[in-house]
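The chain contents come next:
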Amino acid sequence: MSYNTILVTKKDVVATVVINRPKKLNALNKETIQELHQAISTLNDDEDVKVIVLTGSGEKAFVAGADISEFADFSMEEGQKLAAKGQELLFDFVESMSKPVIAAVNGFALGGGLELAMACHFRVASDNAKMGLPEVSLGLIPGYGGTQRLPQLVGKGRAMEMIMTAGMISAEQAKDYGLVNHVTSQEDLLPLCYKIANKICNNSSVAISYAIKAVNAGFMNTVNGYEQEIEAFGACFGTDDFSEGTTAFLEKRKADFPGS
Ligand code: COA
């Protein structure tokens with residue numbers, strides 16, 4: 001199958017999915033999310049594939065976030081739908097895959113990009129990678145699971161600081177936080193992921209799929225934080241801060257938040 005915004009290749013039992021919109025720093029638009037869903041679902045059903053590696057094209061970005069130009073004029077309902085649909089089609093979907101999905105974070109992983117990397121089963125980063133959840137700088141909050149998965153991975157205090165400051169952390173700091181498992185040069189990023197993938201392939205695929213399910217089960221709460229995130233994300237779209245934040249980004253200027 002061929003896609004417009006992603007590339008899929010297979011070597012032995014490892015498939016590589018590359019998000020391929022380098023001019024837009026691989027920002028996730030509706031089409032990319034749909035195509036990633038389709039490709040990952042197909043690979044999950046492909047008996048010849050045992051591990052999936054997900055990365056971004058070019059040397060600059062894994063994914064620089066959700067495509068801001070697509071939702072800058074959304075209403076609260078549309079915002080809520082955007083988060084719900086994205087979580088269902090891609091982020092929760094990747095996390096619940098029965099085959100291991102490794103994120104090869106090759107550059108900026110911001111907003112939806114970091115959320116996508118966090119939905120993968122684990123992460124390996126190149127030393128130029130930069131990670132963050134900058135949504136509050138746009139008058140938004142993370143809407144693709146970031147408020148839930150970041151605290152799971154780095155702890156509540158670090159997650160709160162990263163979300164509130166909208167800042168970026170380096171690959172080394174991300175490793176220190178436990179957000180990524182390994183840091184290597186950009187050149188060695190995919191070879192290292194394939195090395196880990198090959199090690200995984202020596203083991204029982206069935207057992208691995210049960211292990212993924214069991215580990216994920218430990219993070220399911222009685223109060224559904226993901227649903228609360230979707231509601232709060234949608235509410236942001238009714239604020240003047242959101243309108244100013246996204247307009248400022250698209251006009252390439254600093255936001256001046258009115259605070260409502
Ligand atoms: N949505 C839509 N377009 C995006 C994007 C996003 N999340 N991130 C980058 N782009 C586009 C830019 O608009 C630009 O397009 P243009 O060349 O048509 O103007 C192109 O990708 C290159 O980005 P640019 O900002 O020129 O690169 P840079 O090196 O100066 O800065 C970043 C890199 C990642 C710091 C900057 O692009 C950025 O802040 N992106 C948004 C990050 C973000 O807020 N993500 C969360 C979204 S909810």
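These figures come from a predicted structure and were not determined experimentally.

Cut-off values and rules
Residues numbered from 1 in each chain as written. Predicted model: local features only at pLDDT ≥ 70, side-chain atom pairs only at ≥ 80, totals over all residues. Heavy atoms only, no water. Helix = DSSP H or I, 4+ residues; strand = E, 2+ residues; numbered from the N terminus. Rg over C-alpha atoms; globule rule 2.2 N^0.38 Å. Buried < 20%, exposed > 50% of the residue type's maximum accessible area, 1.4 Å probe, protein only. Contact = heavy atoms within 4.5 Å. Near = heavy atom within 4 Å. Polar contact = N/O pair within 3.5 Å; in protein donor to acceptor, adjacent residues only side chain to side chain. Areas by Shrake-Rupley, 256 points an atom, 1.4 Å probe, with all protein chains shown as cover. Axes fitted to C-alpha atoms, helices over the stretch in contact; angles between N-to-C directions. Parallel < 35°, antiparallel > 145°, perpendicular 65-115°, else oblique. Left-handed = near helix turned anticlockwise from the far one by under 90°. Nonpolar A, V, L, I, M, F, W, Y, C, P; charged D, E, K, R; others polar. Lys, Arg positive; Asp, Glu negative; His and termini not counted. Salt bridge = Lys/Arg side-chain N within 4 Å of Asp/Glu carboxyl O. Pairing = 2+ DSSP bridges.

(A) The arrangement of the overall build of the protein in detail. Each helix and strand in the protein was counted, giving eleven helices and ten strands. Taken over C-alpha atoms, the radius of gyration comes to 18 Å for the protein, in line with the 18 Å a tight globule of 260 residues would show. Along the first, second and third principal axes, the C-alpha atoms of the protein reach 55 × 40 × 40 Å. Within the protein, buried positions represent 50% of all 260 residues. Sequence separation of at least 24 residues holds for 73% of the intrachain contacts in the protein that already meet a minimum separation of 6.

(B) View of the site of the ligand. Close contacts around the ligand come from 17 residues, with Lys24, Lys60, Ala66, Ile68 and Lys252 the closest. Contact between the ligand and lysine 60: an oxygen atom at 2.5 Å from a side-chain N or O atom of the residue. A distance of 3.0 Å separates a nitrogen atom of the ligand from a polar atom in the backbone of isoleucine 68. Here the ligand loses 69% of its free accessible area of 870 Å² to cover by the protein chains.

(C) Molecular detail of the packing of helix H4 (residues 112–119) against helix H5 (residues 146–154). Where H4 meets H5, the closest approach of the two axes is 10 Å, and the angle between their N-to-C directions is 55 degrees. Comparing the axis directions of H4 and H5 gives the class oblique. Relative to H5, H4 is oriented so that their crossing is left-handed. Together, Glu115, Met118 and Ala119 of H4 and Gly146, Arg149, Leu150 and Leu153 of H5 make up the contact between the two elements. Its residues assigned to classes, the contact of H4 with H5 comprises four nonpolar, one polar and two charged.

(D) Region of interest: the side chain of glutamate 135. For glutamate 135, the location among the structural elements is in the loop between strand E8 (130–132) and H5. Buried charge without a salt bridge: glutamate 135, with arginine 149 as the nearest opposite-charge side chain at an N-O distance of 11 Å. Residues in contact with glutamate 135, not counting those within four places in the same chain, are Gly111, Gly112, Glu115, Leu140, Ile141 and Pro142.

(E) Quick peek at the pairing of strand E5 (residues 101–105). Among the five residues in E5, five count as buried, and that is most of the element. As judged from the four bridges shared by strand E3 (residues 51–56) and E5, these two strands associate in the parallel manner. Looking across to E5, one finds that isoleucine 52 is bridged to valine 101. Sheet analysis places E5 next to strand E7 (residues 122–126), joined by four bridges and oriented parallel.

In short, the description is geometric, and any link to function would need to be established separately.
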